[in-house]
Amino acid sequence: MPEDSPGAPNSPNHTPEVAMEDRKETLRKISSERWRIAIILSVCMLVIYFGFILLIAFDKPLMGSLITDGLSLGILLGALVILSAWVLTTVYVRWANRVYDEKIAQLRSKP
Amino acid sequence: MNPVQTSAPATALGNVSTEAIVFFFVFIAISLGITYWAARRTKSTVQYYAAGHGITGFQNGLALSGDYMSAASFLGIAGLVSLSGFDGLIYSTGWLVGWPLIVFLIAEPLRNLGKYTFADVVAFRLRATPARIAAAIGTLATVSLYLIAQMVGAGNLIKLMFGLPYEVAVVIVGCVMLLYVLFGGMLATTWVQIIKAVLLLGGALILAIMTLWSFGMNPIALFQAAVHKYPAQNVLAPGKLVSNPWDAISLGLALMLGTAGLPHILMRFYTVPDSKAARTSVFYATGFIGFFYLLTFILGFGAMVHVGQSVISSIDKGGNMAAPLLAESLGGTAFLGFIAAVAFATILAVVAGLTLSGAAALSHDLWVNVVRKGEVPESEQLKVARVASVALAIVAMILGIAFKGQNVAYMVGLAFAIAASANFPALILSIFWKKFTTGGALWSMLFGTIATIVLIYFSPTVQVDILKNASAPFPLKNPGIVTIPLSFVIGIVASLLTKEKSAEEKFAIVEERVHFGADTH
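Residues numbered from 1 in each chain as written. Chains lettered and ligands numbered in written order. Predicted model: local features only at pLDDT ≥ 70, side-chain atom pairs only at ≥ 80, totals over all residues.

Colleague: I keep staring at the overall build of chain B and nothing clicks. Help me out?
Modeller: The secondary structure content of chain B amounts to 21 helices and zero strands. Here chain B has a C-alpha radius of gyration of 23 Å; the compact-globule value for 521 residues is 24 Å, and the two agree. When its C-alpha atoms are laid out on the principal axes, chain B stretches across 70 × 50 × 40 Å. Relative to its full complement of 521 residues, chain B shows a buried share of 63%. Taking the intrachain contacts of chain B between residues at least 6 apart in sequence as the baseline, contacts between residues at least 24 apart amount to 84%. (Helix = DSSP H or I, 4+ residues; strand = E, 2+ residues; numbered from the N terminus. Rg over C-alpha atoms; globule rule 2.2 N^0.38 Å. Buried ≥ 20, exposed ≤ 12 C-beta atoms within 10 Å, placed from the backbone. Contact = placed C-beta atoms within 7 Å.)

Below, the structure is given as C-alpha cells:
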C-alpha cells in the first residue's frame, strides 16, 4: 500500500511549490519575450519614421529626385512608411495571436 | 485629361444646398435613432463609459479610426497637399506611426489594468488622490485644447459649406453632440464613430476613384499631370514645411507619442471584452487610418489638377475646401452635399468622443475616486457623469465662440504635445517600471502639462505667427523634443527620491494582470 504514505516522494515535480515556481518561470519567460518583441518593433517604427523625417530635413533634393516621371523618392518612401506601419503591426498581432495567447491560456488554466 | 473649371470660382459652397441638407438630416436622424436605442441600454457606469465591454475588435477598430480621423485631417491634409504637394505626407505619416506603438506597448496592458480611463492604470498601485488629480489635469488639458480646435474648425467649416453663421454652427454641433453623449453614452458615441468612419472612408474612396478614373487608375499619371500643371513649383519634393531638422523631429515625436497618450483614444480600449480584442482593434484601426491618409494624398493632388490652386486658395487660404471642391467638380452639387454632410458628421463624432473622455476624467477620476474616495452608489456616478458631460459641452461651446476668428491650428499640435509629455511617460512608467512612485507620476505629469503650455507660448507658433513678434525666446515650433524626454527624467528622478514601498510591492500584481486581466488571482 504505497499510496498516501506521508512523505513518499512519488513525483517530486508535482508538489504545489514546484508547480508555482514553474508557472512563475514560464510567465517570466513569455513576459520578457513579449516585451522584447514589442520594444524591437517599436524601435523599428521609430527608426523608419525618423529616418524619413531626417531625410526630408537634411536632403530635400534627394527626396525630390524622380524615380520615374511623376514619382519622387520622397513620395515612394512616404508610402513605404505607411506600409511599414501595417507590416510591423501585422507581425506583432500574428505573433501575439499564435504564440503569446496560447502560452497565456495554458498558464491561466493551471491551478 | 482636361483641367475643368479653372475660370471663376463658380461653386455652390456656402449656399445651403438641398442635397447637403437632406444628407445631413438623414445622418442626424439615424444617429439620434441609435442614441435612443443606446439610451435604453445605458443604465450603469460600465455601459456609460465602456459600452458594457460589448464592442468587437473590428467595430472598435472602425470607431478608433472614427475618433482619430478628424475634419482637420480629412480637409486639412487634402488642402495642404493641394497647395504644396508632398508636404502633406509629413503629417499623414506622423499621424499614423503612433498606432503601431499603441498596440506594441499600451493597448493590452491598458485594457487589463484599468476600468474606464487611463488614470486607472497610472493610479493602480499609487496613492489614488494625487495620481488621479495629475492624470485628470493632463486629460482635461489635452481634451479642452483639442475641443477648442475642433469647435473653431466646425464653426468655420459649416459657415463655409452651409452658409450658417459661425455661432449657430458651434451651438448646433455642441447640442447634437451632447444628445449622443448625455443619453447614449459610450454605446451611442461608438456607433456614431463607426457610421462616420464608414461614411468618411467610403466618401474618400469614391472621390479618389473618380479622381483617378481619368488617369487610368494610375496615381503616378495623376502626379505627372500635377507636375505639368505647376512646373515652377516642385510639387513632388519636400517644400517649406520642414526646414529646421530639430523642428521636424520635435513635431514628429509629439505626433507619434501624443497619439499614444490621447485620453479619448485610450478610453476606447475599455469598450472591448478583453485585451485580445483591444489588440485586434488597433490592427484594424492602423489599416483604416493608413488607407485613409493614402486616399487624402490622392484627393489633394486631384484637387490640385481638377480644381486648381488659385480656386482652392481663393475660397479658403489654408486650402481646407480642396476636398469638397474636388467633389463638386467631379460629382456635381449632389456629391458636394454628401461630402459636406460627411465632414459635419466627422466633427460631431470627434467632439462627442472628446466630451465623453473629459466627462470621465471629471466624474470617474475626480468626483468618484478623489472627492468620494470610491464609495459612490452607481446611480450617483451616472448622474455625475451626465452633469459633467453637460458642463463640458457648455464650456466647449463657450470656448468655440470665444476663439472665433483666432488661428487655432497650433492647438491640435499643442494637444498632441501635452498628451505626449504629460500622459504618455506616466502611462509607460506605471506599466513598466517597478520603482515608479506617486511623486514621480505627479511631478512628471504636472511638468509635462505646464512646460508644454509655457514653451508653446514662447515658441514661434504663438510669438511670431499669432502675436506678430519678430522672434521668439524658444526656437522650436513644437516643444516635444524637450518636454517628452524631460518628463521621463523627472518621473524617474522624483520616483527615486520618493521611495514608495506599497507601490513597489504591488508591482507584482501589475506583472500578473498585464497578461491575465482582472479575472485571475
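Colleague: Even after reading the chapter, I still don't get the environment of L255 of chain B, so can you show me in this structure?
Modeller: Tracing the sequence through the fold places L255 of chain B in helix α11 (residues 245–259). Judged by the 25 C-beta atoms lying within 10 Å of it, L255 of chain B falls in the buried class.

Colleague: Can you walk me through the packing of helix α1 (residues 16–58) of chain A against helix α6 (residues 98–113) of chain B in this structure?
Modeller: The relative placement of two packed helices comes down to the angle between their axes together with the axis-to-axis distance. Where α1 of chain A meets α6 of chain B, the axes come as close as 9 Å, and the angle between the chain directions of the two elements is 165°. When the axis of α1 of chain A is compared with that of α6 of chain B, the two are roughly antiparallel. In terms of crossing hand, the pair formed by α1 of chain A and α6 of chain B is left-handed. Facing A38, L41, S42 and M45 of chain A of α1 of chain A, the residues of α6 of chain B in contact are P100, L101, F104 and L105 of chain B. For the contact of α1 of chain A with α6 of chain B, the class distribution of residues is seven nonpolar, one polar and no charged. (Axes fitted to C-alpha atoms, helices over the stretch in contact; angles between N-to-C directions. Parallel < 35°, antiparallel > 145°, perpendicular 65-115°, else oblique. Left-handed = near helix turned anticlockwise from the far one by under 90°. Nonpolar A, V, L, I, M, F, W, Y, C, P; charged D, E, K, R; others polar.)

Colleague: Please explain the interface of chain A and chain B as it appears in this structure.
Modeller: Size of an interface: often given as the accessible area lost when the parts come together. Listed by partner, the interface residues are 38 residues for chain A and 40 residues for chain B. Those elements giving two or more residues to the side of chain A that touches chain B turn out to be α1, α2 (60–64), β2 (71–72) and α3 (73–109) of chain A. Examining the composition of the side of chain A that touches chain B, we find that 16 residues originate from one element, α3 of chain A, more than from any other. In the side of chain A that touches chain B, the residues fall into 25 nonpolar, nine polar and four charged.

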